Amino acid sequence: MGDFFERVVDLEVTGEEAGPLAARMVDWMVAEGVITRETTGDAVYSLPVDVGHVPGPGWARAVADASDPSWIPGPVAVLVGRDQHVGGQGEYAADAVTCPRCSARTVVIDHPERFTADDEVWQPFNDGIQAWKETGRGEVPCPACGVHVPVTEWDFGLGFDLGALAFDFWGWPPLSLRFLAEFRARLGHRTEEQYGKF
């Protein structure tokens, strides 16, 4: 078993803009009846927050299919602050990373030979991510072309994203395309969706 989530990550908001934008998004979802202002720690496993907003009476308008009357969604956690967001269970590294300058692909987890990251390969990326989390800036030299590239410009592949704002919908049916389109429009930035399990 386990608890599943659908996450929306804002890829472009700055650390300084994330808090006010999060508040505006919560205000909008409350006004739409998707969530309430009430929070709970039940069934919230998002790091680093441990509470989420209780679903509102209009939660069904956010999902693709609300036909199962027994389905009661869980809370919506709002994650504010520069962080790496990983869709998998217990993972901390991307499978592979692609340089935006030369398109060289660096393999971090050599499937099916290995199921854990090669720490030596991942270390420069981890260092760049940590610097970005602390200061808003971090660079990683490409192993192929040698160019130092901002860590936020690297392509980490599916299920691994960097962002200063994310929303975790715990135990919800899949969000509808219409809701996701409006969500992205209100954020005003590029986003990625992740699916994961705790």
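Residues numbered from 1 in each chain as written. Predicted model: local features only at pLDDT ≥ 70, side-chain atom pairs only at ≥ 80, totals over all residues. Heavy atoms only, no water.

### Some points on the overall build of the chain
Item 1. Looking only at helices and strands, the chain has three helices and ten strands in total.
Item 2. Listing every helix and strand of the chain by position from the N terminus yields β-α-β-β-β-β-β-α-β-β-β-α-β.
Item 3. A compact globule built from 198 residues should have a C-alpha radius of gyration of about 16 Å, and the chain, at 18 Å, falls within 12% of that.
Item 4. Counting all 198 residues of the chain, 42% fall into the buried class.
Item 5. Within the chain, residue pairs in contact and separated by at least 24 positions form 70% of the contacts whose partners lie at least 6 positions apart. (Helix = DSSP H or I, 4+ residues; strand = E, 2+ residues; numbered from the N terminus. Rg over C-alpha atoms; globule rule 2.2 N^0.38 Å. Buried < 20%, exposed > 50% of the residue type's maximum accessible area, 1.4 Å probe, protein only. Contact = heavy atoms within 4.5 Å.)

### Remarks on helix H3 (residues 177-187)
Item 1. Within H3, the full set of buried residues consists of Phe179, Leu180, Phe183 and Leu187. Summarising the axial view, the buried residues of H3 lie within an arc of 95°, below the 170-degree limit, and thus occupy one face. Exposed and oriented more than 90 degrees from the buried face of H3 are Leu177 and Ala185.
Item 2. Against the buried residues of H3 lie strand S1 (4-10), helix H1 (15-31), strand S9 (160-170) and strand S10 (191-197).
Item 3. The positive-phi residue at the C-terminal boundary of H3 is glycine 188, with phi of around 80°. (Arc of directions from axis to C-beta.)

### A short note on the state of the cysteines
Item 1. Applying the stated criterion to the full structure yields zero disulfides.
Item 2. Its sulfur unpaired, cysteine 99 is 3.7 Å from the next cysteine sulfur, which belongs to cysteine 142.
Item 3. We classify cysteine 99 as buried; its relative accessible area is 2%.
Item 4. Between cysteine 145, a free cysteine, and cysteine 142, which holds the nearest cysteine sulfur, the sulfur-to-sulfur gap is 3.7 Å.
Item 5. Its relative accessible area of 35% is what places cysteine 145 among the partly exposed residues. (Disulfide = S-S within 2.5 Å.)

### A look at the pattern of salt bridges
Item 1. Per the counting criterion, the structure on display carries nine salt bridges.
Item 2. Ionic pairing is found between arginine 37 and aspartate 27, a salt bridge with its closest N-O pair at 2.7 Å. Taken as a pair, arginine 37 in strand S2 (residues 35-40) and aspartate 27 in helix H1 lie far apart in primary sequence, ten residues in all.
Item 3. The exposure class assigned to aspartate 27 is partly exposed, which follows from its relative accessible area of 39%. (Salt bridge = Lys/Arg side-chain N within 4 Å of Asp/Glu carboxyl O.)

### Comments concerning the nonpolar core
A general tendency of soluble globular proteins is for nonpolar side chains to be buried together.
Item 1. Core analysis: the largest hydrophobic core is formed by 26 residues, its most contacted members being Phe169 and Phe183.
Item 2. Of all elements in the fold, only H1, strand S4 (76-86), S9 and H3 reach the threshold of two or more residues within this core.
Item 3. Non-local contacts of phenylalanine 169, meaning those with residues more than four positions away in its chain, are made with Phe4, Phe5, Glu6, Val8, Met29, Pro75, Val76, Leu175, Phe179 and Phe183.
Item 4. With 20 residues, the next largest nonpolar core counts Ile109, Ala117, Val140 and Val151 among its residues. (Core = buried A, V, L, I, M, F, W, Y, C linked by side-chain atoms within 4.5 Å.)

### Some thoughts on H1
Item 1. Here H1 spans 25 Å end to end across 17 residues, near enough to the 24 Å set by a 1.5 Å rise per residue.
Item 2. Turning to H1, its buried residues are Ala18, Leu21, Ala22, Met25, Val26, Trp28 and Met29.
Item 3. Each element contacted by the buried residues of H1 is listed here: S1, S2, strand S3 (52-55), S4, S9 and H3.
Item 4. Immediately downstream of H1, the backbone of glycine 33 shows phi near 80°, a positive value. (Expected span 1.5 Å × (residues − 1).)

### Quick look at unusual backbone geometry
Item 1. For the bond running from leucine 47 to proline 48, omega is 10°, close enough to zero to count as cis.
Item 2. Within the secondary structure, proline 48 is located in the loop between S2 and S3.
Item 3. Cis peptide bonds are those with omega within 30 degrees of zero, and the linkage from histidine 111 to proline 112 qualifies with 0°.
Item 4. Along the chain, the position of proline 112 falls in the loop between strand S6 (105-107) and helix H2 (119-135).
Item 5. Positive phi values are uncommon outside glycine, yet alanine 43 reaches one of about 60°.
Item 6. Within the fold, alanine 43 resides in the loop between S2 and S3.
Item 7. In this structure, serine 103 is a non-glycine residue whose phi angle is positive, near 70°.

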